[in-house]
Amino acid sequence: MNLGDGKCWDSSKKESWKTLLLLAYQSLGVVYGDLSTSPLYVYKSTFAEDIHHSQTNEEIFGVLSFVFWTLTLVPLFKYVFIVLRADDNGEGGTFALYSSICRHTRVSLLPNRQVADEALSTYKMEYPPEKKNSSRVKTYLEQHKGLHTALLILVLLGTCMVIGDGVLTPAISVFSAVSGLELSMSKEHHQYAVIPITCFILVCLFALQHYGTHRVGFFFAPIVLTWLLCISGLGLYNIIHWNPKVYQALSPYYMFKFLKKTRKGGWMSLGGILLCITGSEAMFADLGHFSYAAIQIAFTFLVYPALILAYMGQAAYLSQHHDNNNHIGFYISVPEKLRIPVLIIAILASVVGSQAIISGTFSIINQSQSLSCFPKVKVVHTSDEIHGQIYIPEVNWILMILCIAVTIGFRDTKHMGNASGLAVMTVMLVTTCLMSLVIILCWNKPPILALAFLLFFGSVELLYFSASLTKFTEGAWLPILLALFLMTVMFVWHYGTIKKYEFDLHNKVSLDWLLALGPSLGIARVPGIGLVFTDLTSGIPANFSRFVTNLPAFHRILVFVCVKSVPVPYVPPAERYLVGRVGPSSHRSYRCIVRYGYRDVHQDVDSFETELVARLADFMKYDWHRKQGSNCSMEDYASRSNESTSECRLAVIGTMSLSGIPAFEIEESVQPASVSGGFSTVESMADVIEMEPISAAEKRVRFAVDDDSETQQQSDLKEELEDLFAAQQAGTAFILGHSHVQAKQGSSFPKRLAINFGYNFLRKNCRGPDVALKVPPVSLLEVGMVYVV
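Everything numeric in this text was worked out from a predicted model, so none of it was measured.

### Concerning the overall build of the protein
- Secondary structure summary: the protein contains 26 helices and 12 strands in total.
- Every one of the 789 residues in the protein was classed for burial, and the buried ones make up 59%.
- Considering only contacts in the protein between residues 6 or more positions apart, those separated by 24 or more positions represent 84%.
- With an accessible surface of roughly 32100 Å², the protein has 61% of that area assigned to carbon and sulfur atoms.

Set out below in structure tokens:
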């Protein structure tokens, strides 16, 4: 796997059938664990209260018809054939759709956007600029700031419901699997056995999370494959043995017949039927680990037929058994001799499905952090080989407590199903809304197509959503309560972060002030490297001026470091570092912008420090060659470069292949291959975008450095490199702001509540930037700042 690209497959190379089938097989354990276990509880939830199984079989055949067409329309047509095509550089999920929209339309609320970000090779737009039919929608969205906030809230709603699903899915999956014991035990023993066994399995599941999925992941695909073969085999047996004509119930006629007979009760029972598509979102969310074709093949040719056979088999059995109305479930259709082996396989499959949703919850919280929409939490990368496998300790234990509380509190499949159904359907509605925007803004299709997509799939999902809402007092209140709490936390954190950034922006110090600091003012330069962390992409942050005021000394090598996220899933290592000077070369001050995508895992501090020094050394060599080459064929560049009192333009500094590349090469535009193979100049610091986006066209110049360059005995370059490595030996200090944020006098009550209480409470009780960056305490210098926003 290429860790640089962050994927386990390369879409640029045509996959062989062998590779494709292998990926399809591997996807079973990661993508389909949740979806494949839904037959355990769909019929039981549907017939829990609102409708009853009668001698005419109209109810069971109507439910089967609904299940068949729901599985066909939503997972098959919507996700496999449409939504999966809306990938973001091979990645899927809510944030993939949002980042694609943000790249094509300026609706992002993140304030530190730079024109340089658009030069990233992963910042690609697969379709040409907008046509007339989409320009109106795009212009309308860009002009109304309220719609930007509304779009973010929509994304946060989907995110919160995914997290809520991470609480509910393990509980209902494991509980439903363990409930098979009820047919092998007396009622007295059963009610005291199922809950403890379920809780024990959940505790073990969450306790093993810190080892990472990769250690046991090779078991996942065989377990899910065995389970799918098991339920399809049982389904086929039940169809042949009990009712071969059950296939007639697949006709849509039975849906209308069902609703005509059951009326309100039938509509309310849809809240149980929709559980047949739980886990469908995982096909899109986990797209980055596999290829589109692999997921399509696995679902179309294995998962979909197996699920249809399983539901048909259960319906065939129930159509001949009307005396078990109070015990409708999966296990009664399993032959008695096979119940124990099937029970064991079901428990294992439910654990695999739960593991997938837990890992997905970790991933989406990490993405929320990258958008400054979630407080800082510790993210542990559990695998050196498999990119994207992470573990978040705090979230893991909170999820475990909530899962156990749901299991003990609800104690039945009905309430858990009501809660899970509402969460699942909300996520799907959010995906449908975002997808309709992608069709217009990113695919440049006529708005009528987006409207048709929204109305068709939106109406189907709204029907199920409305049925779920009627169960508000019977369990559906839980995901709503969780979503309201999480959305409040996320929106308050995002709002406070933006206000804090705006304060930094308006209170930054001029470069002339920094250059004026010297021995005449009693300012000393001490040995070592000082890394000043800031959110600003240009200018001198106010916390550094406060640091120098209180401690009149700073390091011989001074680097202003901005760690920022860009709306792409991954930033290739060769394009991660933007490096430039702050002032003349004699001042030994630099700016380094480190860019990460929303699925990237940040480096630990040791590797980051080593990498940063290496990139600074590369930049010094690059800058020396630029000066040498500025006299020949570089008139355009030299006329725009002003190094006297301003910051020079930033350069992309990354790993390079140095052989066979000419010393200087001018390009009108930078292609992805040339970005990773050399240096591309980007927008000058004077043109960096802080708050308002602009469009700018410029020439980009690529410089490549020969190995022979170090043989050139240029005193200024040699001296600068010696100063850098001497400072590295002397030690590195990390200068971070320790901030307290408070609302201005006269601010509205909601703002004072959000800033003075909400944001500050979260900041004090969550991990600070020093912990998130894994800074050693001995190397940490904190600067206290009060932000009045």
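### Focus on the sheet that holds strand β4 (residues 553-565)
- Pairing is mixed across the open sheet formed by 7 strands, whose spatial order is β7-β5-β6-β4-β3-β11-β12. Unpaired on one side and paired on the other, β7 (651-653) and β12 (780-788) mark the two borders of the sheet. Ignoring which end each strand starts from, the neighbouring axes of this sheet average 30 degrees apart.
- Judged from the 8 bridges that link them, β4 and strand β6 (residues 589-596) form a sheet pairing that is parallel. When the bridges of β6 are listed, Val559 appears paired with Tyr590.
- Running at roughly 80 degrees to strand β3 (residues 524-533), helix α24 (residues 715-730) makes contact with β3, β4, β5 (577-581) and β6 of the sheet.

### What about helix α1 (residues 17-31)?
- Under the 1.5 Å per step criterion, the end-to-end length of α1 is 20 Å for 15 residues, consistent within 8% with the ideal 21 Å.
- Among all positions of α1, only Leu20, Leu23, Ala24, Ser27, Leu28, Gly29 and Val31 are buried.

### Examining the packing of aromatic side chains
- Following the criterion strictly, the structure yields 24 aromatic pairs and no others.
- Judged by centre distance (5.9 Å) and plane angle (85 degrees), the ring pair of Phe61 and Tyr254 falls under edge-to-face. You can see Phe61 sitting in helix α4 (residues 58-80) and its partner Tyr254 sitting in helix α10 (residues 253-262), a full 193 residues away along the chain.
- Overall, Tyr254 belongs to the buried group, its relative accessible area being 18%.
- When the centroid spacing of 5.3 Å and the interplanar angle of 80 degrees are considered together, the rings of Phe330 and Tyr331 count as edge-to-face.
- Take Phe330: its relative accessible area is 4%, and that puts it in the buried class.
- Taken together, the ring pairs connect Trp513, Phe544, Phe547, Phe554 and Phe560 into an aromatic cluster.
- We note Lys500 situated over the ring of Tyr787; from NZ or CZ to the ring centre the distance is 4.9 Å.

### Notes on the packing of helix α14 (residues 339-370) against helix α15 (residues 393-410)
- It is at 11 Å that the axes of α14 and α15 come closest, and there the two elements cross at 130 degrees. Judged on the interaxial angle alone, α15 and α14 are oblique. Read as a crossing pair, α14 and α15 show a hand that is right-handed. Here Thr361, Phe362 and Ile365 of α14 lie close against α15, whose contacting residues are Val395, Asn396 and Leu399.
- Looking at the contact of α14 with α15 residue by residue, the classes come out as 4 nonpolar, 2 polar and no charged.

### Here we look at the pattern of salt bridges
- Scanning the entire structure with this criterion turns up 15 salt bridges.
- Ionic pairing is found between Lys499 and Glu502, a salt bridge with its closest N-O pair at 3.7 Å. Here the residue Lys499 and the residue Glu502 both occupy positions in helix α18 (residues 477-506), the gap between them amounting to 3 residues, near one helical turn.
- Note on Lys499: relative accessible area 22%, which makes it partly exposed.
- Judged by relative accessible area, which is 22%, Glu502 ranks as partly exposed.
- In this structure, the salt-bridge partner of Arg581 is Glu720, at a minimum N-O distance of 2.6 Å. Taken together, the residues Arg581 in strand β5 and Glu720 in helix α24 connect sequence positions 139 residues apart.
- Classification of Glu720 as buried rests on a relative accessible area of 4%.

### Some points on the nonpolar core
- Among the nonpolar cores identified, the biggest contains 170 residues, and Tyr32, Tyr43, Leu64, Leu71, Phe299, Tyr311 and Phe330 are the most heavily contacted of them.
- The dominant element in this core, judged by the number of residues it contributes, is helix α13 (residues 292-319), at 18 residues.
- Other than its neighbours up to four places away in sequence, Phe330 contacts Pro39, Leu40, Trp227, Ile231, Leu234, Gln314 and Val342.
- Residues Leu531, Tyr596, Ile653 and Leu721 belong to the second largest nonpolar core, which totals 31 residues.

### Examining the packing of α10 against helix α11 (residues 264-273)
- The contact between α10 and α11 brings their axes to 5 Å, and the two run at 120 degrees. On the basis of their axis angle, the class for α10 and α11 is oblique. On the side of α10, the interface is formed by Phe258, Leu259 and Thr262, while α11 contributes Lys264, Gly265, Gly266, Trp267 and Ser269.
- Here the residues of the contact of α10 with α11 sort into 3 nonpolar, 4 polar and 1 charged.

### Overview of the side chain of Arg103
- Along the chain, Arg103 falls in helix α5 (residues 94-104).
- A polar contact of 2.8 Å, which involves the side chain of Arg103, links it to the backbone oxygen of Pro567.

### Digging into the environment of Ala249
- Secondary-structure assignment places Ala249 in the loop between α9 (220-242) and α10.
- In this structure, the C-alpha to C-alpha distance between Ala249 and Ala316, residues 67 residues apart in sequence, is 10.0 Å.
- Once you skip the residues sitting within four places of it in the chain, Ala249 turns out to touch Phe61, Leu64, Ser65 and Tyr254.

### Focus on a nonpolar patch on the surface
- Residues Ile448, Leu449, Leu451, Leu454 and Leu455 make up a contiguous nonpolar surface patch of about 470 Å² in total accessible area.
- Of note, Ile448 is situated in helix α17 (residues 447-469).
- A residue is classified by how much of its surface remains accessible, and Ile448, at 59% relative accessible area, is exposed.

### Re the confidence of the model for the protein
- When pLDDT is averaged along the protein, the result is 80, and 82% of the positions lie at 70 or above.
- Long-range and interchain partners of residues 1-14, a stretch whose pLDDT sits below 50, account for 30 contacts in this model, where long-range means more than four residues apart.
- For the stretch residues 656-705, pLDDT sits under 50, and the model shows 122 contacts to residues farther than four places along the chain or on other chains.

### Let's talk about the pairing of β3
- Pairing of β3 with β4 involves 8 bridges; the strand directions are parallel. Counted as the bridge partner of Val526 is His555 from β4.
- Here 4 bridges tie β3 to strand β11 (residues 732-742), and the two strands are oriented parallel to one another. Pairing of Ile529 across the sheet is with Thr732, part of β11.

### Things to note about α24
- Here α24 is 16 residues long and its end C-alpha atoms lie 22 Å apart, about the 22 Å a rise of 1.5 Å per residue gives.
- All of the buried residues in α24 are Leu717, Glu720, Leu721, Asp723, Leu724 and Ala727. On an axial view of α24, the arc spanned by its buried residues comes to 155 degrees, and they lie on one face. Projecting away from the buried face of α24 at angles above 90 degrees are the exposed residues Ser715 and Gln729.
- Following α24 by one or two positions, Gly731 has its phi on the positive side, about 120 degrees.

### Digging into the environment of Leu307
- As for its placement among the helices and strands, Leu307 is situated in helix α13.
- A C-alpha to C-alpha distance of 6.9 Å links Leu307 and Ser36, two positions 271 residues apart in sequence.
- Residues in contact with Leu307, not counting those within four places in the same chain, are Leu35, Ser36, Ser38, Pro39, Leu71 and Ile231.

The rules behind the values
Residues numbered from 1 in each chain as written. Predicted model: local features only at pLDDT ≥ 70, side-chain atom pairs only at ≥ 80, totals over all residues. Heavy atoms only, no water. Helix = DSSP H or I, 4+ residues; strand = E, 2+ residues; numbered from the N terminus. Buried < 20%, exposed > 50% of the residue type's maximum accessible area, 1.4 Å probe, protein only. Contact = heavy atoms within 4.5 Å. Areas by Shrake-Rupley, 256 points an atom, 1.4 Å probe, with all protein chains shown as cover. Pairing = 2+ DSSP bridges. Axes fitted to C-alpha atoms, helices over the stretch in contact; angles between N-to-C directions. Expected span 1.5 Å × (residues − 1). Phe/Tyr/Trp six-rings, centres within 6.5 Å; stacked < 30°, edge-to-face > 60°. Lys NZ or Arg CZ within 6 Å of the ring centre and 35° of its normal. Parallel < 35°, antiparallel > 145°, perpendicular 65-115°, else oblique. Left-handed = near helix turned anticlockwise from the far one by under 90°. Nonpolar A, V, L, I, M, F, W, Y, C, P; charged D, E, K, R; others polar. Salt bridge = Lys/Arg side-chain N within 4 Å of Asp/Glu carboxyl O. Core = buried A, V, L, I, M, F, W, Y, C linked by side-chain atoms within 4.5 Å. Polar contact = N/O pair within 3.5 Å; in protein donor to acceptor, adjacent residues only side chain to side chain. Patch = residues over 30% accessible without salt bridge, like charges linked within 9 Å, V, L, I, M, F, W, Y side chains within 5 Å. pLDDT = per-residue confidence, 0-100. Arc of directions from axis to C-beta.

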